[in-house]
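Working through the structure, step by step
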Amino acid sequence: MAMNILRSRALLTSPRLMTSAFLKSPYQANYPAMLNTLHTTHNNHTAGLLPSKHWNAERVLSIGLIGIIPAAFLIQNPALDYALAASLVLHGHWGMEQVFLDYVHGETMSKVANASLFAISALSFAGLCYFNYNDVGLTKAVMMLWSS
Amino acid sequence: MAAEKYDINCELDNFLQELLRNFDEITAMALLLRGVCRNHQLLARMQPMMTSRVTMSMTAKQEQDKFWDTNKRLNRPMSPHLTIYSPQVTSMLSITHRGTGVGLTVGIYALGLSMSVLPHDFAHYLEMIKALSFGPSLLFLTKMAIVWPVAFHSLNGVRHLAWDTGYGYDIKTLYKTGYFVLGLSFVITAGIAML
């Protein structure tokens, strides 16, 4: 009787228990359903760059600013004034997006905040371009303040 | 998911039925139980199979929604919370980085928006400020107030970029670079403001 039970596969509750795959990993080989419940970060972005590419673009811009800011003041060139305006606004815009992500909660509020930010960033960039085109330009303005 | 749970229940049922059908000796059961219980590896393998199925059946989206719902219900403070920790050099420099960043963004946006709306040109408004005749020390302080956020945010930004490549994370280095960046930002600011 006892030998009967010992020989029975039921003793092991499941034949799966005896497969080497089960012994190696209870999650991968035997339970494909679990693959659907991997705890990944919830994807918040709806449009634009992939988050990883966005992160890279932010770093490239940040490193670029280290060069653009001194170059714009040393070389004093209108093109660099536009580059400065564009990169400062984009850097500020991305930075503010990050701040809003941390401190503005709720779907509606986030949408309102981000839409407003986009509008203000665009208007500011337009304003700075206007200032570069019709007025003295960014770097010259700072130089004028310094020489006063 | 449900099918798999049923699968296991079914197998356990079969197992128990087979036991009941065949068991006329209680000693065999005791032997069996002892055998199973002594096999710790078998038990360890069975445990996640029995329990984690149920707890892991939530998707990441559901889990995050639950997280936010709980935060809302309990009226938990936002993260990163600004006043809950006692101030440290590291956290203070971090919030200063964000503060200077927001301040500079507001400043450059204000310049762009105001200069496109105001009727006169930059020279006109500069003359107006000059006419207020600040003393030289106040002018120096004003220049410092403009340059220091730029200097600090730039230098600490380099510190951030170093972190992004994986360097400078141990506590000693964090403090060293923190003090270095803070000190250098004031030196640079004084230098540029004196130009």
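Worth saying up front: this structure is predicted, and the values here are computed from it rather than measured. (Residues numbered from 1 in each chain as written. Chains lettered and ligands numbered in written order. Predicted model: local features only at pLDDT ≥ 70, side-chain atom pairs only at ≥ 80, totals over all residues. Heavy atoms only, no water.)

Examining the packing of helix α3 (residues 51-75) of chain A against helix α4 (residues 78-103) of chain A
The angle between the axes and the distance between the axes are what describe a pair of packed helices. Residues and elements named next belong to chain A. Look at α3 against α4: their axes get within 9 Å of each other, and the N-to-C directions meet at 145°. For the pair α3 and α4, the crossing hand works out as left-handed. Along the contact surface, α3 presents H54, A57, E58, L61, S62, L65, I68, I69, A71, A72 and I75, while α4 presents L80, A83, L84, S87, L88, L90, H91, W94 and E97. Of the residues contributing to the contact of α3 with α4, the split by class is 14 nonpolar, four polar and two charged. (Axes fitted to C-alpha atoms, helices over the stretch in contact; angles between N-to-C directions. Helix = DSSP H or I, 4+ residues; strand = E, 2+ residues; numbered from the N terminus. Left-handed = near helix turned anticlockwise from the far one by under 90°. Contact = heavy atoms within 4.5 Å. Nonpolar A, V, L, I, M, F, W, Y, C, P; charged D, E, K, R; others polar.)

What to know about the UniProt feature "binding site: a ubiquinone" (unreviewed entry) in chain A
Here the UniProt-annotated "binding site: a ubiquinone" (unreviewed entry) positions come out as Y103(A). With respect to the element layout, Y103(A) can be found in helix α4. (UniProt positions renumbered as here; feature names shortened; annotations may be inferred.)

Description of the pattern of salt bridges
All told, the structure shown has five salt bridges over all chains when counted by the stated rule. Close ionic contact of E58(A) with R59(A) constitutes a salt bridge, the shortest N to O distance being 3.1 Å. Taking relative accessible area as the criterion, R59(A) reaches 21% and is therefore assigned partly exposed. Here E107(A) and K111(A) are joined by a salt bridge, their closest N and O atoms 3.9 Å apart. Of this pair, E107(A) and K111(A) both sit in helix α5 (residues 107-134), separated by four residues, roughly a single helical turn. One salt-bridge network, held together by shared partners, links E58(A), R59(A) and D164(B). (Salt bridge = Lys/Arg side-chain N within 4 Å of Asp/Glu carboxyl O. Buried < 20%, exposed > 50% of the residue type's maximum accessible area, 1.4 Å probe, protein only.)

Let's talk about the side chain of S62(A)
Summarising the element assignment, S62(A) is placed in helix α3. Non-local contacts of S62(A), meaning those with residues more than four positions away in its chain, are made with H91(A) and L161(B).

Describing the nonpolar core
With 10 residues, the main nonpolar core is built from F131(A), A141(A), M144(A), L145(A), W146(A), M115(B), F122(B), Y125(B), L126(B) and V147(B). Within the residue set of this core, elements represented by two or more residues are α6 (138-147) of chain A together with α6 (122-131) of chain B. Of the residues forming this core, the biggest block, four residues, is contributed by α6(A). In this structure L145(A) touches L126(B), K143(B) and I146(B), once residues within four positions along its chain are discounted. Judged by nonpolar contacts, the second largest core, of nine residues, contains A72(A), L80(A), A85(A) and I108(B). (Core = buried A, V, L, I, M, F, W, Y, C linked by side-chain atoms within 4.5 Å.)

Thoughts on a nonpolar patch on the surface
Residues and elements named next belong to chain B. A cluster of nonpolar side chains, namely I129, L132, F134, L138 and L141, defines an oily patch on the protein surface of about 460 Å² accessible area. Relative to the helices and strands, L132 is located in the loop between α6 and α7 (136-164). Classification of L132 as exposed rests on a relative accessible area of 57%. (Patch = residues over 30% accessible without salt bridge, like charges linked within 9 Å, V, L, I, M, F, W, Y side chains within 5 Å. Areas by Shrake-Rupley, 256 points an atom, 1.4 Å probe, with all protein chains shown as cover.)

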